[in-house]
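# Survey of secondary and tertiary structure
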Amino acid sequence: MTTESNVRSDPRGTPPRSGLDAYFKISERGSTVEREIRGGLATFFTMAYIVVLNPLILGGAADVNGQRLDLAQLTTAAAMTLFMGVYGRYPFALAAGLGLNAVVAFQLAAVMSWPAAMGIVVLEGVVITLLVVTGLREWVMDAIPLALKQSISVGIGLFIAFIGFVDAGFVRRIPDAANTTVPVQLGVGNRLIGWPTVVFSFGLLLTIFLVVRRVRGAILLGIVITAIFAIILNAIVDVGPRVDAAGNVNPGGWALTVPSVPEGIVGSPDFGLLGAFSLGGSFAQVGIIVAVLFIFTLMLSDFFDTMGTVIGVANEGGLLDREGRLPGVSRVLFVDSIAAAAGGVASTSSNTTYVESAAGVGEGARTGLASVVTALLFLVALFLTPLVEVVPQEAAAPALVVVGFLLMRQVADIDWADPAIAIPAFLTIVLMPFTFSITNGIGAGFIAFVAIKLFLGRWREPGLLLWIVAFLFVIYFAIEPVQRLLGV
């Protein structure tokens, strides 16, 4: 059984300097209060886009009755991240899961009311919590071979870097009207355009310079300085948004937030949607089979997104023990599971552990104190939304690219000479950015791993649990034909 003293980040086990140090194991993990605060700030600023983006996704879709959500709250992000910091004691932040909120908005709400859709989210969170309580979720994590865990870290590195490039508009989708099989391009027409791209490029070069010069707080400094540069630049050139309120498109505009000095600082939080969910609504509106399939889809995505994020970020921070396990992971998984249900209760979609937590780890964060700092900033953001919205995606995206580099370094630890592990690792790594999903990459890696063992006549090696998980992923990938087979 592993203990906190097995953590690789500081084998010397430095004695605690205070009660705060002892509770969060700051010195034991080779960190300092200063690094934790810096890491908490970096994590917050890299995921602050959720303040704007989640309301846009959920508010931009109507349910089956034509109703739209009036969403403007960060209650669960603050509360669950604080819970993670104080109880989980690791530097992981939580908020509404991107991808999951799109499923809720455009798949669930399309066939049921908003309260029923949020009821599905609550039920999914309850199921995952039961898996944690029974120990199954931790059992799955422990059963994964070390090489696959390393490949998950690398894949997340590429995935998070890709997110950064896409968020900044440096890499963009090619419109369907272009009549080409190429899915993405450099900028627009393979040319970089617009002042926001200049801001991103400036921020990326600045952050790289600070990192190679080993400047303390390099990632956080890069975000802050780039945001200030963006505000000054936009005051001069007045670019405007990429898509305005009337739907007009300006390819050279800001992706999400137009940086400017806010007219006001204080905003009023909205708590009106707390408790607006129905546990039985989905079963009554779409039937038991469809509702169960929706719960299964959300659960599997949430389950393995979190698992991949926790493994990847913890591995980068040197928090895994010699067997590749995270000491005290059951606390982390419990908080994440409760957060999923809490997202449905608050009508903010399923909450999950954010891969952007890697930005805080990149700043040296190793403990839950960083999450406490991030949570407090989310709490402040409830009332200072105009100020938080000042930071454009183009200013935060460089941090994601640099963090992607930090995670990518673990590719050297994988045994590429053994195809039996190298091929599943390869599929795990490439499919995360290629499909824009952590879950898809993990699923492909699992299926390939057990299939190769079967081909080699060593089918017992993966163990029963990995075979079950691989089978569940087969269902996950084939969910549409499964629905057709069941007539739903």
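Counting restarts for each chain, with residues numbered from 1 along the sequence as it is written. Where local features are concerned, this predicted model is filtered to residues with pLDDT of at least 70; where side-chain atom pairs are given and counted, the filter is 80 or more; whole-chain, interface and lining totals use all residues. Where side-chain values are given, they derive from all heavy atoms of the structure, hydrogens and water being excluded.

Below, the discussion takes up the overall build of the protein. Secondary structure is summarised from DSSP: a helix means a run of H or I of at least four residues, a strand means a run of E of at least two, and numbering begins at the N terminus for each. Each helix and strand counted, the protein has 21 helices and four strands in total. Just to be clear, the radius of gyration here is over C-alpha atoms, and the globule rule we use is 2.2 Å times residues to the power 0.38. Computed over its C-alpha atoms, the radius of gyration of the protein comes to 22 Å, within 12% of the 23 Å expected for a compact globule of 488 residues. Considered along the principal axes of its C-alpha atoms, the protein spans approximately 65 × 60 × 50 Å. Contacts: residue pairs with any heavy atoms within 4.5 Å of one another. Here the contacts in the protein between residues at least 6 apart in sequence split such that 79% fall between residues at least 24 apart. As displayed, the protein offers around 20,300 Å² of accessible surface, 66% of which is attributable to carbon and sulfur atoms. The convention is simple: Lys and Arg are positive, Asp and Glu are negative, and His and the chain ends are not counted. The location of each charge is read from NZ of Lys, CZ of Arg, CG of Asp or CD of Glu. Each charge class in the protein can be summarised by its mean position, and for the 27 positive and 32 negative side chains these summaries are 8 Å apart. The method behind every accessible area is Shrake-Rupley, applied with a 1.4 Å probe, and residues are considered shielded solely by the protein chains displayed.

With that settled, the discussion passes to helix H12 (residues 288-316). Here, expected helix span is obtained from the residue count minus one, scaled by 1.5 Å. Here H12 contains 29 residues, and its C-alpha end-to-end distance of 42 Å stays within 8% of the 42 Å for a straight helix at 1.5 Å per residue. Using a 1.4 Å probe on the protein chains alone, a residue whose accessible area is under 20% of its type maximum counts as buried, one over 50% counts as exposed, and one in between counts as partly exposed. Judged by how many residues are buried, H12 sits mostly within the fold: 25 of 29 residues are covered.

Attention now moves to unusual backbone geometry. In this structure, Asp238 is a non-glycine residue whose phi angle is positive, near 50°. Among the structural elements, Asp238 can be located in the loop between helix H10 (218-237) and helix H11 (281-286). A positive phi angle, near 60°, is found at Ser347, a position not held by glycine. Its relative accessible area of 1% is what places Ser347 among the buried residues.

A few words on the confidence of the model for the protein. Overall, the prediction assigns the protein a mean pLDDT of 85, with 90% of residues at 70 or greater. For every residue, the predictor states its confidence as a pLDDT score lying anywhere from 0 to 100. Within the model, the stretch residues 1-12 combines pLDDT values under 50 with 32 contacts to residues more than four positions away or in other chains.

Another point: the pattern of salt bridges. Only one rule defines a salt bridge in this text: a Lys or Arg side-chain nitrogen within 4 Å of an Asp or Glu carboxyl oxygen. Considering all chains together, one arrives at eight salt bridges under this definition. Between Arg242 and Glu394 there is a salt bridge, with the nearest N and O atoms lying 4.0 Å from each other. Within this pair, whereas Arg242 is found in the loop between H10 and H11, its partner Glu394 is found in helix H17 (residues 393-408), the two being separated by 152 residues in sequence. For Arg242, a relative accessible area of 17% corresponds to the buried category. Taken together, the salt bridges that share partners define one network made up of Glu34, Arg38 and Glu363.

Note on ring pairs: Phe, Tyr and Trp rings are taken, using the six-membered ring of Trp, and paired if centres are within 6.5 Å. Classes follow the plane angle, with under 30 degrees stacked, over 60 edge-to-face and the rest tilted. What the rule picks out here adds up to 16 aromatic pairs. Ring centres of Phe165 and Phe200 lie 5.8 Å apart, and the angle between their planes is 70°; this geometry places the pair in the edge-to-face category. Pair noted here: Phe165 is in helix H8 (residues 146-167) and Phe200 is in helix H9 (residues 195-212), with a separation of 35 residues, a long-range link. Residue class for Phe200 comes out buried when judged on its relative accessible area of 0%. Ring centres of Phe202 and Phe229 lie 4.5 Å apart, and the angle between their planes is 40°; on these two criteria the pair is classed as tilted. Taken together, the residues Phe202 in helix H9 and Phe229 in helix H10 connect sequence positions 27 residues apart. Classification of Phe229 as partly exposed rests on a relative accessible area of 27%. Here the aromatic residues Phe446, Phe473, Tyr476 and Phe477 are joined through ring pairs into a cluster of three or more. Either the NZ atom of lysine or the CZ atom of arginine qualifies as a charge over a ring when it sits within 6 Å of the ring centre and within 35 degrees of the ring normal. The cationic tip of Arg29 hangs over the ring face of Tyr90; the distance from NZ or CZ to the ring centre is 4.2 Å.

This part takes up helix H20 (residues 463-477). The terminal C-alpha atoms of H20 lie 22 Å apart, and with 15 residues this matches the ideal 21 Å at 1.5 Å per residue to within 8%. Where H20 is concerned, the buried positions are Leu465, Leu466, Val469, Ala470, Phe473 and Tyr476. Down the axis of H20, the sector holding all buried residues measures 135°, keeping them to one side. Of the exposed residues in H20, those oriented more than 90 degrees away from the buried face are Leu464 and Phe471. Considering only its buried residues, H20 is in contact with helix H7 (136-143), H12, helix H19 (438-455) and helix H21 (479-486). Read the arc as the range of directions from the helix axis to the C-beta atoms.

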